[in-house]
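Here is how the chains run, residue by residue.
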Amino acid sequence: MCLKKLIKAAGLIILTFISLVSFAQNKVITGKATDSKDGSGVSGASVSAKGTRVGTTTSADGSFSLSVPSGTTTLVISSVGFGTQEVSIEGKSSIDVSLVVTNTTLNEVVVTGYGTVKRKDLTGSVATVSSKDFVKGPITSPEQLINGKVAGVQITAPSGAPGAGGRILIRGGASLNATNSPLIIIDGVPIDQQSGIAGSPNALGLLNPNDIETFNILKDPSAAAIYGSRASNGVIIITTKKGKSGKLRVSFSTLNSISTVGKTVDVLNADEFRTLVNGKGNNTQKSKLGTANTDWQNQIYGSAFATDNNISLTGGIDKLPYRFSLGFLSQDGILKTGSLRRSSASLNLNPKLLKDHLKVDLNLRGVLTNSRFANEGAIGTAVNFDPTQPVNNSNGRFGGYNEWIDPSSNRPDGLAPKNPVGLLNLRNDESDVKRFISNIQLDYKFHFLPDLRANLNVGIDYSKGEGTIKIPDSSGQSYLRSVTNGGGAQASGSDNQYQQTKKNKLLEFYLNYVKDIKVLKSRIDVMTGYGYQDFIRESPAYPDVAANGTVVTPEGNPFKTQNTLISFFSRVNYSLMNKYLLTVNWRADASSRFDKSIRWGYFPSVAFAWNVSNEGFFKKQKVLTDLKFRLSYGETGQQEIGSDYQYLPVYNLSNNTAMYQFGNTFYNVFRPQAYDANLRWETTSNYGAGVDFGFMNGRFTGTIDIYKKKSEDLLNRISVPVGTNFSNEIITNIGTMENRGFEFTLNSAIIRRKNLNWDFGFNITYNKNEITQLTAVNSSSYQGTQVGGISGGVGNTIQIHTVGYAANTFYVLQQVYNSNNKPIEALYVDRNGDGIINNNDYYRNKSPNPDILLGVTSGVTCHNWTFNCTVRGNFGNYMYNNVFSNNGTFRTNSLNFLTNVSRNYLETGFANNQYFSDYYLQDASFIRMDQASLGYDFGKVFQDKANLRATLNVQNVFVMTKYKGLDPEIAGGIDNNFYPRPRVFSLGFNLDF
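Residues numbered from 1 in each chain as written. Predicted model: local features only at pLDDT ≥ 70, side-chain atom pairs only at ≥ 80, totals over all residues. Heavy atoms only, no water.

What follows deals with the sheet that holds strand S16 (residues 235-240). Strand order in the open sheet formed by 5 strands is S10-S15-S16-S13-S14, with mixed pairing between adjacent strands. The open sheet terminates on both sides in strands that have one partner only, identified here as strand S10 (126-130) and strand S14 (189-190). Across 2 bridges, the pairing between strand S13 (residues 183-186) and S14 is antiparallel. Following the sheet pairing, Ile185 is matched in S14 by Pro190. (Pairing = 2+ DSSP bridges. Helix = DSSP H or I, 4+ residues; strand = E, 2+ residues; numbered from the N terminus.)

Before going further, it helps to examine the pattern of salt bridges. Tallied over the full model, the rule gives 37 salt bridges. Each of Asp187, Asp211, Lys242, Arg323, Asp361 and Arg365 takes part in salt bridges that share partners, so that together they form one network. (Salt bridge = Lys/Arg side-chain N within 4 Å of Asp/Glu carboxyl O.)

Turning next to the nonpolar core. Core analysis: the biggest nonpolar cluster contains 32 residues, and Phe273, Leu276 and Leu335 have the highest contact counts within it. Sorting the residues of this core by element identifies helix H4 (270-280), helix H6 (296-300), helix H7 (377-384) and helix H8 (420-425) as the ones contributing at least two each. Setting aside residues up to four positions removed in sequence, Phe273 forms contacts with Leu268, Leu289, Asp386, Pro387, Thr388, Leu898, Thr899 and Asn900. Counting 22 residues, the second largest nonpolar core, distinct from the first, contains Val129, Phe134, Val150 and Ile186. (Core = buried A, V, L, I, M, F, W, Y, C linked by side-chain atoms within 4.5 Å. Buried < 20%, exposed > 50% of the residue type's maximum accessible area, 1.4 Å probe, protein only. Contact = heavy atoms within 4.5 Å.)

Another point: the packing of aromatic side chains. What the rule picks out here adds up to 29 aromatic pairs. With a centroid separation of 4.9 Å and an interplanar angle of 80 degrees, the aromatic rings of Tyr936 and Phe938 are classed as edge-to-face. On the basis of relative accessibility, which here comes to 24%, the residue Tyr936 falls in the partly exposed class. Counting every residue linked through ring pairs, the aromatic cluster contains Phe693, Phe695, Phe700, Phe744 and Phe762. Its end group placed over the ring of Tyr843, Arg831 keeps NZ or CZ at 4.1 Å from the ring centre. The ring of Tyr805 carries the charged tip of Arg844 above its face, separated from the ring centre by 5.7 Å. (Phe/Tyr/Trp six-rings, centres within 6.5 Å; stacked < 30°, edge-to-face > 60°. Lys NZ or Arg CZ within 6 Å of the ring centre and 35° of its normal.)

A separate point is empty space enclosed by the protein. Tallied over the entire structure, the rule returns 9 cavities of 30 Å³ or more. Roughly 560 Å³ of internal volume is contained in the largest cavity. The wall of the largest cavity is formed by 32 residues, among which Pro138, Gln144, Pro158, Gln955 and Val984 lie closest to the centre. Among the secondary structure elements, those contributing two or more residues to the lining of the largest cavity are strand S17 (249-260), strand S18 (304-317), strand S19 (320-332), strand S57 (926-941) and strand S58 (946-961). Class assignment of the residues belonging to the lining of the largest cavity gives a composition of 13 nonpolar, 14 polar and 5 charged. (1 Å grid on protein atoms, 1.4 Å probe; cavity = no way out; pocket = protein on both sides within 12 Å on 5 of 7 lines; lining within 4 Å. Points joined across faces, edges and corners; volume = space filled by probe spheres on them. Nonpolar A, V, L, I, M, F, W, Y, C, P; charged D, E, K, R; others polar.)

Attention shifts here to a positive patch on the surface. Where like charges cluster on the molecular surface, the positive patch consists of Lys244, Lys247, Arg249 and Lys940. Tracing the chain through its elements places Lys247 in the loop between S16 and S17. A residue is classified by how much of its surface remains accessible, and Lys247, at 68% relative accessible area, is exposed. (Patch = residues over 30% accessible without salt bridge, like charges linked within 9 Å, V, L, I, M, F, W, Y side chains within 5 Å. Areas by Shrake-Rupley, 256 points an atom, 1.4 Å probe, with all protein chains shown as cover. Lys, Arg positive; Asp, Glu negative; His and termini not counted. Charge placed at Lys NZ, Arg CZ, Asp CG, Glu CD.)

Before going further, it helps to spend a moment on the environment of Val129. The topology assignment puts Val129 in strand S10. On a C-alpha basis, the gap between Val129 and Ile238 in space is 9.9 Å, while along the polypeptide they are 109 residues apart. Beyond its immediate sequence surroundings of up to four residues, Val129 is in contact with Phe134, Ile146, Lys149, Val150, Glu213, Thr214 and Phe215.

This is the structure:
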C-alpha cells in the first residue's frame, strides 16, 4: 500500500512538474502590424501561431499581444487587402510586421470634403479615377478624362468647337431651372458655378488636363452633404499632381493631332436641287437657279491640326517637394477660322516643417488663352444655302462673297440666308482670357496634442476676359443698321469690344481630432469648421459701334454683381472594431441670394457601413475577399439661380426698344424687374444603399448602389397673373421632383502574368426622373410648363414639364401615316376625339434623357505594348431632329432667294413645316467608341538616361445608332445646327528623365 501511494505521489509530482515546465515554455509575443505604404496601423488583422489554433486580432492601431505554445517558431499575419506574411519569432519577444497591399483599391486614400479617408473606411458612394486610368488622346477639357469611367455620371461629350466643355450630370438632374452641374473643387478651391468667363470656351476648360492627378466624385449624401448648399448635383474634387521628394525628374510630352470631318447633314446636291426646283418650283424660283455645284458644308469645314506640349519638373530640396509644369495647346477647329491657344503654368510646393508637425500645400496656377470663335451661324446656313450658287461674286461687293440681293434696294436681302463662307471669313471674334487660381493650405498637428490638427485654407480664383468682334462694313451679315442717336443715319459692320472680370475669394478653417480608443477597439474622427466664399462678377459698359466708328447703340450701364456664402460645418466618423462605421455630417449655409429672414439653410446627413470583411466568420470562407454594406440619408441644397438679386426689387435701365418720348426726344427709363421676396433654398433629400465587394484576392472588385433623390421647393419659372408682379413669369419655390436609380460597377484584372495583363471595367446605370408636383395645389387641368425652344417660327417649343413625367418630356402631335408608311402632311391623330386638331391633342412622348448608361473600359499590356479603349452607350433617349423639321420642306413662293432642303424631304414631300409632328422625334440610343490607343514603350534611350514611350490614338472611333441626324448625343435632346464632333487621329511621345 505504501508502495502504491508512493507511486501515485511520484506520478502527481511528475505530472505537475511537466505542466509547470510546459507552462514555463509558453511565451508572450507582442508586436504591431502596419501598412507598408504609409506606416499606419492595420486594425483587425489576424495573428496566429502556425500549426495551432491559438490566435488573436490586432487592435485599432495595429498592435497585438499573443501567448504562443512552446515549440512555436512562426506567426502568420493576414488581413483583407494585404498579402499574408509568416514571421519567425525564434529568440524574439516582440516583432513589427509591414504588410504589403495586394488590393490597392481598398487601401487607397480617397479625398473627401475637408480631409481624406481610406476607401475601406468609406460610408458613402465615392468614385475615384486616377491619372493611370484616364481616357487617352487629345483632351482639351478635364471632364473628358473620365467620360464613361464612373457609374451614375453622365458626361455628354462636347461639340467639336475648340476647347468646348461637356455637360456633367450626377445621378440625374436635381433641378428644373437652377443649375444641374456638380460643384467642382480644384485643390480645395470651389470654382464659380456660373457660366465661364466671357471669351473663354468653358469654365473648366482653362485647367490643363495634364496637371490632374485624380478625380474623386462624391455621389451620395454621406459623401457630398459636407458641402451642403451646393451639393444637390454631387461634387467633383480634382486633385492636381504634387511634388515628390528625391532627385529631379523631368517629363516631357507632345501630342499632335489631325481632326477630320466625320458626318455632315445630308442635303440635296446641286443637280438634285435643280431637278427639284425645275420639277416643282414656279417660274420665279426656276429663274434664280445657278450653274455652280457648291457643297457648302465642304466649304466651311476642313481638317484641323492640334498640338499639345507639356513639360514638368518634379523633385525635392531637403524637405521641400516641388512640381513645376508648363503647357502649350494649339488647336484649330474643323469649322474654319476657329482656334484655341492655351498657355499654362503651375507650381506646387509641399514642405513639411516643425518636425513634420506643419504641412504646407501651396498651389499656384496661371492660364492664358487666346481664342478665335468661328461664326457658328455658318453651320445652319451651309445646310440651307442654294448649292447652285457660287461662293464668290464677280463684282467684289460684300467682301467678294456671293449674297442674295433685294432688287428693290440693291442690298442684301434681310430674309435670305447669308453666304456661309462670308459669315466665317468676314467676322473676327477674338478674346484673351487670363486666369489665376491659387491657394495655400496650412495643416498643423499640435505639439502638445498630436491627435488634434488645425487646417487653414486661403484661396483665390481670378479671371479676366476681354475681346473684340470686328465685321467689315462690306460684309453681308451686318450690312446696314440704323443709328438710334444719329437722326436715322445708316451704319455698317461692327467694331465692338467686351470685357468681364471674376473674383472668387475663399477662406476655410477647421479643426480635426482623431483618436484611437484601444479599450473600446474604436477610432473617432471629429471635424468642425467655418467657411467664407465671395464671388464678384463685373463688366464695363461698351457701346455697339459700327465698323466706321459710328455709335449704333449708346453706351449702356456697367454691370457688377456679388454673391457671398458663409458656412459652418461638422463631421463625425466613428469606427468600432474596424467593422462598424458611422458618419454624421452637418452643415449650415447662409447665401446672400436670399432675404435675411430665410437666408440660412441646414443640411444634415448620416451614414452607416458594416465592414463584413473584418468579421471572424467572414475569414473562414475563401470566395469573397471584401464585403461591405452601406446605408445613407442626407439633405443638400441649391441656390444657383443665375441671378444674385432675384429676391430684391431691382430697377434696370431699358434698352432702345423701350424708350419714353418726352417732346421730340426719346429717353431710356428705369424699369422694375420681377422678383420674389420669399425666394429660398431648393433642397434635395437623398436616400442611398450600397454594397462593395471583391473576390479572388482583390482581382475583381465592384459596387452596387441604389438611390432616391427628392428635390423640394424647386426653383421654378412659373406664370403669374397679370398685375401681380412686374412680369408674366417669375422664379419662385414651387414643385417637387424625384430621381430613382441603380448603379453597378465591376473592375477586374482578368489576366495577371509576367508579360501579359488585361484589365477590364464595366459600369451600368439606370435612372428614372419624374416631376411629382409643379403647383402649390395639385390640379389635373394644369398641363405644365412648356420648354425646349426650337428653330422655326417665333416662340415655338417642343418639350414640357408635367407632373407624372420626366423633365423636358417631348410634347408633340401624333402623326398619321399612309399605307406605305409615309407621313401624311398636316394630318394628326384626334387623341381626344372631339373632331378637331388643336392644343388638346398634343401628347407627352419620350424623354431626351437616357434610361440606361453604359461604360466599358479595357486595357491590355503585352511586353512593351499597350492597348486601351473606352466604349459608352446611352439607351432610351430620344432626339428631336430640328434640322429635318426646319429644312425638310419645299414650298413655292415669290421670295428673292432659294433655300436647299434636307434629303429627308424626299421621304415626306412636305410643302409646309410640320414642327410639332412626332415624326421628327427619333430614337437616339447609341453605342460609341470614344477612344482607342496603342502604345509602345521603347525603354531606356539617350545612353540609358531617359525612358521613351509612343502612343497612337483615335478619338470618336465609331457610333452605332438608329438616329438619322448628325449626332445622337446632344445635350437637351434638340438637334439644331450642331457643331459636329470630329474624328481625331493623334501621335504622342512621352520622355521621362
